[in-house]
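Topology and contacts: notes
Here are the chains, one letter per residue:
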Amino acid sequence: MADLLETASNAGTFNTLLKAVEAAELVETLKTPGPYTVFAPTDEAFAQLPEGTLESLLQNIPKLKRIVAYHVAFGDVRAEDLMQIEEAETMEGSIVAIESSDDGIKANDAKVVKTDILTDNGVIHVIDAVLIPALVAAE
């Protein structure tokens, strides 16, 4: 099995996320044994950000690092676990709100569109929006 980053790369739909992980210097971290749970926005999710946002973040590495780390939770948290919890602590230090209903699972306002992509060092859940920590959004 491949690790988180290899799995995301092989999927072909996380190119922007992988670029952000690299720019934020989190590649080595996400190659360690973990385990980690990654809420992975697709390239389409990044495309929904207001124009210029991604370019601006790529120029502000500390802010980008906080946003990327906000998509990573500690531990191996599967869909079954997500349905039983209300929040997940992230590598960034803030909390992502988890909500499950008949419509599915949400991480903050992002819909989890695919769950439980298993890797050597964790699990990936695909989301349809980029998560922004409240403190970063307020800056």
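Here's what I pulled together on the structure shown here. (Residues numbered from 1 in each chain as written. Predicted model: local features only at pLDDT ≥ 70, side-chain atom pairs only at ≥ 80, totals over all residues. Heavy atoms only, no water.)

Comments concerning helix α1 (residues 4-11)
- For α1, every residue scored as buried is listed here: L4, L5, T7 and A8. Buried positions in α1, seen along its axis, are confined to an arc of 160 degrees and lie on one side of it.
- Close packing links the buried residues of α1 with α2 (15-23), β1 (36-41), β6 (110-119) and β7 (122-127).
- Two or three places before L5, at the opening of α1, D3 has a side-chain oxygen 3.0 Å from that residue's backbone nitrogen.
- Looking one or two residues past α1, G12 carries a phi angle of roughly 80 degrees, positive in sign. (Buried < 20%, exposed > 50% of the residue type's maximum accessible area, 1.4 Å probe, protein only. Helix = DSSP H or I, 4+ residues; strand = E, 2+ residues; numbered from the N terminus. Arc of directions from axis to C-beta. Contact = heavy atoms within 4.5 Å. Polar contact = N/O pair within 3.5 Å; in protein donor to acceptor, adjacent residues only side chain to side chain.)

Focus on unusual backbone geometry
- Note that the residue after G34, namely P35, is joined by a cis bond; omega there is 5 degrees.
- Structurally, the position occupied by P35 is in the loop between α2 and β1.

Structural notes on the pairing of strand β4 (residues 95-101)
- Bridge count for strand β3 (residues 87-89) against β4 is 3 bridges, and the pairing is antiparallel. What sits directly across from A88, in β4, is V96.
- Here β3 folds back onto β4 in antiparallel fashion, the turn holding 5 residues, of which G93 has a positive phi close to 110 degrees.
- As paired strands, β4 and strand β5 (residues 104-107) are joined by 4 bridges and run antiparallel to one another. Bridging from a neighbouring strand, E99 pairs with K106 of β5. (Pairing = 2+ DSSP bridges.)

Thoughts on the sheet that holds β7
- The mixed open sheet is built from 7 strands, whose spatial order is β2-β1-β7-β6-β5-β4-β3. The two strands at the open ends of the sheet, each matched to only one other strand, are β2 (72-74) and β3. Adjacent strand axes in the sheet meet at a mean angle of 30 degrees when their direction is disregarded.
- Pairing of β1 with β2, which is carried by 3 bridges, proceeds in the antiparallel orientation. When the sheet's bridge partners are listed, V38 is paired in β2 with V72. (Axes fitted to C-alpha atoms, helices over the stretch in contact; angles between N-to-C directions.)

A few points about the pattern of salt bridges
- In this structure the tally under the stated criterion is 3 salt bridges.
- Among the ionic pairs, D76 bridges to R78, the shortest N-O distance being 2.7 Å. (Salt bridge = Lys/Arg side-chain N within 4 Å of Asp/Glu carboxyl O.)

Concerning the nonpolar core
- Core analysis: the biggest nonpolar cluster contains 29 residues, and V21, L30, V68 and I124 have the highest contact counts within it.
- Of all the elements in the fold, those that place two or more residues in this core are α1, α2, β1, α3 (43-47), α4 (53-59), α5 (61-69) and β7.
- With residues up to four places along the chain from it excluded, the contact list for V21 reads L5, L26, V27, L30 and V68.
- If you look at the next biggest cluster of nonpolar residues, it comprises 16 residues, including F39, V77, A79 and I105. (Core = buried A, V, L, I, M, F, W, Y, C linked by side-chain atoms within 4.5 Å.)

Brief notes about the pairing of β7
- Within β7, 6 of the 6 residues are buried, which leaves the element mostly enclosed by the surrounding structure.
- The alternating pattern of β7 places G122, I124 and V126 on one face and V123, H125 and I127 on the opposite face, and all of these are buried.
- Pairing geometry for β1 and β7, over 6 bridges, is parallel. Paired with A40 across the strands is V126, a residue of β7.
- Judged from the 5 bridges that link them, β6 and β7 form a sheet pairing that is antiparallel. Within β7, the residue paired with L118 across the bridge is V123.

Keep in mind that these numbers describe shape and distance, not what the molecule does.
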